[in-house]
Every structure is written in C-alpha cells, then in structure tokens.
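Examination of the molecular architecture
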Amino acid sequence: MAIGATIHTFTVHLADVDRGVYEELSLRTARQSAETAEFMMTRVLAYCLEHEDGIAFSEGIAATDEPAVFVRDLTGSLLAWIEVGAPDAARLHQGALAADRVAVYTHRDAEKVAALWAGKRIHRGGEIPLYAFEPGFVEAAAAALERRTELTLSVTERRIYLDVNGTSLSSAILERPAQ
C-alpha cells in the first residue's frame, strides 16, 4: 500500500522588493511520498517568487496535465505555467502552447537541466526562463523544513534572503534561457 501525502503548512512573510510584492501568505501543500524535500521547497519558492493574483499549486508530482504552480485569471484562463525540477521538453512545449508565460525553477544544476532540452522542440523556448539557486541553498532550506514552517522571504536585486524556522540563508537567483 502506498504511503499518502504529508501536509505541510507554511506561514510566509514575503517582501519581493524587485517586483513590489509584499504579502503575508498561509500555504498548505501536500508532499507526496515520492517527492523530495528539495523539490517541495523549490515548489514553495517558485510560488512565492511568482506570487500574483490567481496563483495556485497543482497536485504536485501527482498532477500529470498541470505544472507544479500555475496562474489563472478570473475567467479560468491559464496565464502562467510554472514548472519545478527538470521537466521534459514536451511538458514545456505543452505549457508554452497553453499559457502566455512559462518559467522553470530548479533545485538541480541549471546547465544539466537545460542540456536535457537541447535540440528539442519547445514552443517559444527562447522566451522561457530557467531559474536556479546557488549550490547548497535549496538543500539547506529543505533541511530546516518542518510540518509547520515559518518562512521570511525577501528578494532584492535578484538575491533571495530566506529564513526557514530560524535558519538564515541567501542565494542569487540565477537565470538562463531554457534554450
């Protein structure tokens, strides 16, 4: 019998100076048994760094037809398709056809992730940003996670300052085109 998902609750104090977003968020996300803590932490970071009206989590790795995070307008139209990890080229192609904006956040080596897409057909592939963090950042943040986690996340000049349950971390937000 498969083990069910573990629910994590995040209280987030978000101050994204670069985008002018200042919010207090209460997030609940399910961590599937096959999902690593690093993947879940990257999902939460992507949600916070992309935060806007209409943003939501999908079912995580259990969702086969949706990205990890998405943004819909009031009519239900898909505005942003936000992937996490190392999605295959077909998923990015599907996302670029379905939404105006696509982004990828990874906890892995960005060059290796981008190499997976080399030579593959991805609609508007040159417009898709691939975001990563400095080595060890996501791993350290994931190690500080608890079932109830308090996050203070600040972004200024494309640098993220993160406090996870009293553990302070920082990293540049590294960006490269997907193709």
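Right above here is the structure, for reference.
Sequence positions are assigned chain by chain, starting from 1 and proceeding in written order. With pLDDT at 70 or above as the cut-off, local features in this predicted model cover only qualifying residues; side-chain atom pairs require 80 or more to be listed or tallied, and sums for whole chains, interfaces and linings still use all residues. In computing side-chain properties, one takes all heavy atoms of the structure into account and sets aside hydrogens as well as water.

1. Topic: the sheet that holds strand β4 (residues 69–72)
Taking strand neighbours across the sheet as the criterion, the 10 strands line up as β2-β1-β8-β9-β10-β7-β6-β5-β4-β3 in an open arrangement whose pairing is mixed. Looking at strand neighbours, the two that pair on one side only are β2 (21–31) and β3 (55–57), the edges of this open sheet. With direction set aside, neighbouring strand axes in the sheet form an average angle of 25°. Pairing between strands requires that DSSP locate at least two bridges from one strand to the other. In DSSP terms, a helix is any run of H or I states spanning at least four residues, a strand is any run of E spanning at least two, and both are numbered starting from the N terminus. Of the pairings in the sheet, the one linking strand β1 (residues 6–16) to strand β8 (residues 148–156) comprises 8 bridges and is parallel in character. Residue pairing in the sheet places T11 in a bridge with E150 of β8. Two residues form a contact once any of their heavy atoms are found within 4.5 Å. What counts as an axis is a line fitted to C-alpha atoms, over the stretch in contact for a helix, and the angles between N-to-C directions run from 0 to 180 degrees. Its contacts with the sheet place helix α1 (residues 37–49) against β1, β2, β3, β4, β5 (78–84), β6 (101–105), β7 (129–133), β8, β9 (159–164) and β10 (167–177), and it is angled at close to 150° to β2. The strands touched by helix α2 (residues 89–98) within the sheet are β5 and β6, with β5 carrying the most contacts at an inclination of about 165°.

2. Comments concerning the environment of I128
Relative to the helices and strands, I128 is located in the loop between α3 (110–115) and β7. The buried category is assigned to I128, whose relative accessible area is 3%. Once the C-alpha coordinates of I128 and A34 are considered, the two residues, 94 residues apart in sequence, prove to be 27 Å apart. Beyond its immediate stretch of four places on either side in the chain, I128 contacts L92, A96, V102, A103, V104, I122, H123, R176, P177 and A178. The cut-offs for exposure are 20% and 50% of the maximum accessible area for each residue type, with area from a 1.4 Å probe on protein chains only; residues under the lower value are buried, those over the upper are exposed, and the others partly exposed.

3. What about the pattern of salt bridges?
Basic side-chain nitrogens of Lys or Arg form a salt bridge, by our definition, when they fall within 4 Å of a carboxyl oxygen of Asp or Glu. If you walk through the whole model with that rule in mind, you get 8 salt bridges. With a closest N to O distance of 2.5 Å, E50 and R101 form a salt bridge. One end of the pair, E50, is in the loop between α1 and β3; the other, R101, is in strand β6, with 51 residues separating them in the sequence. Residue classification places E50 among the buried residues on the basis of a relative accessible area of 6%. A single salt-bridge network, built from bridges that share partners, covers E50, E52 and R101.

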